Amino acid sequence: EAARDAIPGLAGNLASGEGLDVLRRARRLFSENGVFCTYPDFVYEGHSAVPTQLFGLARPMSTGFVYLSTRPNVHLLPCLLERRGQRIAARFFEPVVLEAPVEATSSGVDYFTLMAAQTIASMLEGLIRLKPEQWLLLATLTHEAPEMKTPKPLSAGAAK
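First, a word on what this report is: a plain description of the structure on this page. (Residues numbered from 1 in each chain as written. Predicted model: local features only at pLDDT ≥ 70, side-chain atom pairs only at ≥ 80, totals over all residues. Heavy atoms only, no water.)

## Regarding the overall build of the protein chain
Rule in force here: A run of DSSP states H or I qualifies as a helix once it reaches four residues; a run of E qualifies as a strand once it reaches two. Both are numbered from the N-terminal end. Relative accessibility decides the category of a residue: with a 1.4 Å probe and only protein chains considered, values under 20% of the type maximum give buried, values over 50% give exposed, and everything between is partly exposed. Contact definition: two residues touch when any of their heavy atoms are within 4.5 Å.
Looking only at helices and strands, the protein chain features 5 helices and 4 strands. Secondary structure elements of the protein chain, listed N to C terminal, follow the sequence α-α-β-β-α-β-β-α-α. The proportion of buried residues among the 160 residues of the protein chain is 28%. Across the protein chain, every contact between residues at least 6 apart in sequence was considered, and the portion connecting residues at least 24 apart equals 53%.

## Concerning the nonpolar core
Where we set the bar: Put simply, a nonpolar core is a bunch of buried Ala, Val, Leu, Ile, Met, Phe, Trp, Tyr and Cys residues held in one set by side-chain atoms that sit within 4.5 Å of each other.
If you look at the biggest cluster of nonpolar residues, it comprises 13 residues, and the most contacted ones within it are Met61, Val66, Leu98 and Ile120. When contributions to this core are tallied by element, the ones reaching two or more residues are helix H3 (63-69) and helix H4 (106-130). For this core, the leading source of residues is H4, giving 6 residues.

## Observations concerning the pairing of strand S2 (residues 57-62)
Our working rule: Any two strands between which DSSP finds at least two bridges are classified as paired.
Bridge count for strand S1 (residues 49-54) against S2 is 6 bridges, and the pairing is antiparallel. Note on S2: the bridge partner recorded for Pro51 is Pro60. With antiparallel pairing between neighbouring strands as the criterion, S1 and S2 make up a hairpin whose turn holds 2 residues, including Phe55 at a positive phi of roughly 55°.

## Some remarks on the pattern of salt bridges
Cut-off, in case you're wondering: A carboxyl oxygen of Asp or Glu within 4 Å of a side-chain nitrogen of Lys or Arg is what we treat as a salt bridge.
Evaluated as defined, the whole model comprises 4 salt bridges. In this structure, Arg84 and Glu82 form a salt bridge, with 3.4 Å as the shortest nitrogen-oxygen distance. Taking the relative accessible area as the measure of exposure, Arg84 reaches 52% and is therefore exposed. Glu82 gets classed as buried once you look at its relative accessible area, which sits at 14%.

Here it is as structure tokens:
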């Protein structure tokens with residue numbers, strides 16, 4: 001509510017929520033050239049996930065997040081928020097496009113999804129390395145959040 005009130009023109013355009021409803025709203029935002037702000041470091045138990053590695057450990061990533069990230073005309077804009085005294089500084093990095101090739105087969109799409117998820121995890125790891133002492137969800141990085149989905153190791157075929 002506070003974000004909606006603080007940013008002019010944002011009212012009614014938030015895509016927060018859970019499940020498929022938020023995916024539908026985010027897709028609608030993208031079709032209207034909108035912006036969807038989120039972070040990919042946490043998946044609740046019981047939700048669909050793609051296996052990745054983060055800092056050498058198995059780490060699930062939301063299948064919905066990867067799906068949204070690989071839609072046509074979607075640009076990921078990595079951003080590092082850094083506390084500087086009483087202020088927050090935002091540092092943006094080069095946008096990344098993870099669009100699946102048109103000629104991808106069903107097995108190619110699965111492989112592409114794994115590769116896209118790992119690319120996102122690698123970008124996240126790089127951002128965390130820049131300011132690890134300011135990472136807000138440290139409990140999820142150490143696998144101590146009880147509501148977090150249990151990581152499953154990458155299979156030998158998926159790690160290629």
